[in-house]
Amino acid sequence: MGTSKAGLPWHGSTLLRRTVGVVARGVAGPVVVVRAPDQPLPELPPDVEIREDDQEGLGPLQGLAIGLHALRDVADVAFCCSTDMPFLHTAFVSRVVEAMDDDHDVVLPVANGHRQPLAAAYRPSLAVEIDDLLAAGRLKPAFLFDRCRVLRLSDDDLVADRRLAAADPSLDSLINVNAPADYEQALARPAPVVRVECFGTLARNGHRGVRAVQAATIAAAAQAADLDFDRHVVAAVNGEQVTRDGATPLVSGDTVTFVSADAGG
Amino acid sequence: MTAEPMTDAPGGYFGRALVVDVGTGRATVVKLSDRVLRDHLGGVGLGAWLLTELAPVGVDPLAPEAPLAFCFSPLVGTPLTTSAKFAVVAKSPLTGLLTDALASSHFAISGKLTGNDAIVVRGACTRPSILLVDGAGARVEPADDVWGHSAAEAEAALKKRLGAGWRIAAIGTAGERGVRYATVSHDGRHAGRGGLGAVMGSKKLKAVAVRAATKVAPADRDAVLAASRDLRSRSLGKATAKYRELGTLANLLAFNALSTLPTRNFTAATFEQAPRLAAEDISDLRKVARNSCASCSIGCEHIYAAKGGKKARVEYENVFALGPMCGVSDPDDVLAASARCDELGLDTISAGGTIAWAMECAERGLLDAPWLRFGDGAALLRALDEIGAGTGIGPLLAEGSRRAAERVGAGSADFAPHVKGMEMPGYEPRTMHAMALGLAVNARGADHNRSGAYEADLSGDLDRLDGGQAHVAAAVETEDRAAVMDSMILCKFLRGVFTEPFDEWAALLCPVTGWDVDGAELRATARRIVALKRAYNLREGWTAADDWLPERLLSEPVQVGSGREASLTPQRLRRMIDGYYAARGLDTQGRPVPSGDGAGSGAGQ
């Protein structure tokens, strides 16, 4: 690409901001970003933990180990992905994470016959196993899969999940942008279609009811709904977290609720 | 006894509380020193101090010796917007702990201008009576003719009898019958929570009537006028638009969308029929008027047409408690139930919560009332009638959900929706973890006015499903803010207009009182008031086990709109409570550590 993928602009935000937001929503837990030493990162939510990978050239397992170590005491399962998946959907993240069971250590999508180790779920306890592999110079993810219990999910397995089948039937979640042309092509796609609802005084002046708009972020959804997303307004996506962060990414099928910031009382 | 102001009283105060024994008719004066007033301000702060000083330890809330205090504030009588409020404070027959409820309008102004910062009622009459207080002092008169009438009817009849200038706070028949969540009302507004109406009824006191006899003297009249103009102007902006345009009922659909709308006795956090009760729609179809309290520029009160030509004042809490909480979605039924609560003088939150619990008991076969079912509006109205009349299941439900569950047993206490005996307001703790903590630890019980921690959950500044230290800090901060607002007294609907609230409140207080109070002092005052309430409760038998939530909320997850389940584990709540105790400087059992910074000095009868 000739530039850091993390900071690539994405519909008023950045690729990394989008990925972090989608993963956070998909796992409902903490998010860790692993970066090279002093690698500049775009603005991220304050609760994102940043860890540094100070050994270059060791491949994806090295970054994976650092991220999993960070989560060993706080999570039973971790979704691990790269930053360059502009169509990653929360339903995909949830599908993979929720497939983890007591009999497996890794949930590995195998889409179009290709393994997707950077769109997979891992037990954080595997960090120690990976350390051993790295020490032995065995740097490919395949070596890890040989040493642990892997649940492989084919395309059909993945879309057997109703939510994922509805949200991302062609598994665009797995599209990477590896070259400038990929990025331009991805950027040319329209923003996802989401539903917008306004309540209370925000529903006055013809804003009542559900409207479909194209928006990649909450700020864009507010703009499409002709709403000032100022300090008097907060938003929630699918009835979950309340936020004032306009950069919160949206995915197709989301419902964005706008309410007065003084809800309650 | 006439109202002679204390010569050394600070601006905005008279420096005295009038204590009337309605059994003997004898009135005495408690001098309120500058120190006592500055430490507790007025309203609920002053009420907590008076109760600590005047209530016998361990008193039965319904015994003649139990005091009932009507407390005013330094701002009452000034042109500062929303300041015409009074607090009614007593030991609650519902919780057995301190309760303090606010109401608004002209009773506050006339009551204070009798020349008293508080009027405290003790003793009990031998027959239905009213207490009159004006410049000539206090006297008790028979009131057999209005006993058995609604508060509104009694108020109207007494106004006619007493003549112009009298303002009246009265109880309905629920208070006369000792329903443990009966209200005291004035001009249709209720000091609602904790059974203050039952305390008044136990004294056979139908009403307290007050008539202004003097004026209030702020320390710097010009500065108060300037501050009033500024505050009024700010009160008309975006921060209060919700209250002006739709009232608090605007919360209903928003809460439903955010999965924080308790439904069918907390078995769900969304109500599929919520749109039928939406302010956005029924305000266009049914609204007949919008009113303001005296001295208020916001005008939050929205009056709706109810079935049978009646009118109902509608707030979010009424509609939540009598609607989704009971599974009832017909607006005619909900508005009728709200109007019925007004007539009887019932706290709608406790009435709705107790009936919702009873509906679940009936559906589970624990209560012999097969007619009582979730979603049945007629059953809701019948239950209210039986509570008001003391018939059928009424006497059981008049006790509130905690006592009723103790009698019914069979595990029904696990889903009785109360904290410390007080029924839960319309905020789902499993999807609002800061509010969960606020509800658990608040002195009054499950309460959204003394703990506004929901503000943090809905602010977008923290993860409302993952309670931790940030939620503790938010619960402490909002509780402190409420303590000052409820003592000064200012309406909480103004809270959005203040950016540095403690500093700005101090700036309002200075020209009224003449004190050089600042934001830091008000923060200390807030902590003192919160601590005083806790100390009073401890004295009356509170234990750490009372700072907790109903079992259902800690053992059953609830589904949010996305389909994900939200939960609040006992361990998480325990951690937050421990954090709250530490932040408050309490010991591990939630008990105040003596610091010499509480109440104690300054009284002299």
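Residues numbered from 1 in each chain as written. Chains lettered and ligands numbered in written order. Predicted model: local features only at pLDDT ≥ 70, side-chain atom pairs only at ≥ 80, totals over all residues. Heavy atoms only, no water.

Quick notes on unusual backbone geometry
Residue and element names in this part refer to chain B.
(1) Moving on: Following Met-488, the chain continues to Ile-489 via a peptide bond in cis, the omega torsion being -5°.
(2) Moving on: One non-glycine residue with positive phi stands out, namely Ser-259, at about 60°.
(3) Moving on: Along the chain, Ser-259 falls in the loop between α9 (251-257) and α10 (279-286).
(4) Moving on: We note that Ser-295 has phi near 60°; this positive angle belongs to a residue other than glycine.
(5) Moving on: Here Ser-295 is to be found in the loop between β13 (287-291) and β14 (301-305).
(6) Moving on: Classification of Ser-295 by relative accessible area gives partly exposed; the value is 31%. (Helix = DSSP H or I, 4+ residues; strand = E, 2+ residues; numbered from the N terminus. Buried < 20%, exposed > 50% of the residue type's maximum accessible area, 1.4 Å probe, protein only.)

Digging into the packing of helix α2 (residues 43-54) of chain B against helix α19 (residues 469-488) of chain B
A packed helix pair is summarised by two numbers, namely the angle formed by the two axes and the spacing between the axes.
Residues and elements named next belong to chain B.
(1) Moving on: Running from N to C, α2 and α19 point in directions that differ by 90°, and their axes come no closer than 4 Å. The orientation of α2 with respect to α19, classified from their angle, is roughly perpendicular. Residues Gly-43, Val-44 and Gly-45 of α2 form the contact with α19, whose own contacting residues are Ala-483, Asp-486 and Ser-487.
(2) Moving on: Split into classes, the residues belonging to the contact of α2 with α19 amount to two nonpolar, three polar and one charged. (Axes fitted to C-alpha atoms, helices over the stretch in contact; angles between N-to-C directions. Parallel < 35°, antiparallel > 145°, perpendicular 65-115°, else oblique. Contact = heavy atoms within 4.5 Å. Nonpolar A, V, L, I, M, F, W, Y, C, P; charged D, E, K, R; others polar.)

So, the environment of Asp-284 of chain B
(1) Moving on: Looking at where Asp-284 of chain B falls in the secondary structure, it is placed in helix α10.
(2) Moving on: Along the sequence, Asp-284 of chain B and Tyr-304 of chain B sit 20 residues apart, while their C-alpha atoms lie 9.8 Å from each other.

Section: the packing of aromatic side chains
(1) Moving on: Here the structure, examined in full by the defined rule, presents 15 aromatic pairs over all chains.
(2) Moving on: Ring centres 6.0 Å apart and planes at 25° place the aromatic pair Tyr-316 of chain B and Phe-320 of chain B in the stacked group. Separated by four residues within a single helix, Tyr-316 of chain B and Phe-320 of chain B lie in helix α11 (residues 316-322), roughly one turn from each other. Across this residue pair, the class does not change: Tyr-316 of chain B and Phe-320 of chain B are buried.
(3) Moving on: With centroids separated by 5.8 Å and ring planes inclined at 80°, the aromatic side chains of Phe-498 of chain B and Trp-505 of chain B adopt a geometry described as edge-to-face.
(4) Moving on: Among the aromatic residues, those joined into a cluster by ring pairs are Phe-255, Tyr-316, Phe-320, Tyr-427 and Tyr-454 of chain B.
(5) Moving on: For Arg-138 of chain A, the ring lying beneath its charged end belongs to Phe-143 of chain A, and the centroid distance is 4.2 Å.
(6) Moving on: Sitting over the face of the ring of Phe-87 of chain A, Arg-189 of chain A holds its NZ or CZ atom 4.2 Å from the ring centroid. (Phe/Tyr/Trp six-rings, centres within 6.5 Å; stacked < 30°, edge-to-face > 60°. Lys NZ or Arg CZ within 6 Å of the ring centre and 35° of its normal.)

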